[in-house]
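Okay, here's what each chain looks like letter by letter:
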Amino acid sequence: MGMFRDLRATQRLAKDLSADFDPARQMRDAMSRMGQLTQALQEQSAPIADDLLVPAKAVVLQVASTGSTVNDHPVVALSLLVTVQGGAPVPCTVRLPVALTDLAALRPGSRLDVRVDPARPDRVRLAG
């Protein structure tokens with residue numbers, strides 16, 4: 001008899017857990033997050049006139065996975081400290097797809113050559 005009592009208790013718990021389950025809401029939330037990521041990537045990868053970009057140095061502060069890929073390259077969020085020659089360091093975060101072979105070089109403390117729009121330091125391109 002103890003087995004049936006445990007089975008009923010398990011069924012009640014499952015029913016309680018599924019009471020708040022709303023697949024349509026989860027799908028809307030997921031679509032919203034995908035739209036936000038797509039918009040951020042498009043804004044960041046929007047063409048920048050090369051004559052506006054100036055060479056700069058960046059130090060990687062943090063590397064985080066976004067959980068998405070573009071053309072089988074993982075998209076990572078890089079927190080950088082960007083320094084344009086003669087200027088103060090500016091923190092910024094960029095999201096960009098990185099080849100798996102280049103991923104190991106991106107770790108906290110790594111120094112990168114970048115090109116940056118001085119008017120918008122959040123628009124950073126890796127040099128090279």
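Source: prediction; values computed, not measured.

Visitor: I keep staring at the overall build of the chain and nothing clicks. Help me out?
Guide: Tallying secondary structure elements over the chain gives 3 helices and 5 strands in all. Walking the chain from its N terminus toward its C terminus, one meets helices and strands in the order α-α-β-β-β-α-β-β. Against the globule reference of 14 Å for 128 residues, the chain gives a C-alpha radius of gyration of 22 Å, more extended than a compact globule. Each principal axis of the C-alpha distribution contributes one length, and for the chain these read about 80 × 30 × 30 Å. Accessible surface for the chain amounts to roughly 9,300 Å². Of this, 57% is attributable to carbon and sulfur atoms. Positive and negative side-chain charges in the chain, numbering 15 and 13 respectively, have mean positions lying 6 Å apart.

Visitor: Sorry, what's going on with the side chain of D117 here?
Guide: Relative to the assigned elements, D117 resides in strand 4 (residues 111–117). Not counting the four nearest positions on each side in its chain, D117 is found in contact with L52, L53 and R123.

Conventions and cut-offs
- Residues numbered from 1 in each chain as written.
- Predicted model: local features only at pLDDT ≥ 70, side-chain atom pairs only at ≥ 80, totals over all residues.
- Heavy atoms only, no water.
- Helix = DSSP H or I, 4+ residues; strand = E, 2+ residues; numbered from the N terminus.
- Rg over C-alpha atoms; globule rule 2.2 N^0.38 Å.
- Areas by Shrake-Rupley, 256 points an atom, 1.4 Å probe, with all protein chains shown as cover.
- Lys, Arg positive; Asp, Glu negative; His and termini not counted.
- Charge placed at Lys NZ, Arg CZ, Asp CG, Glu CD.
- Contact = heavy atoms within 4.5 Å.

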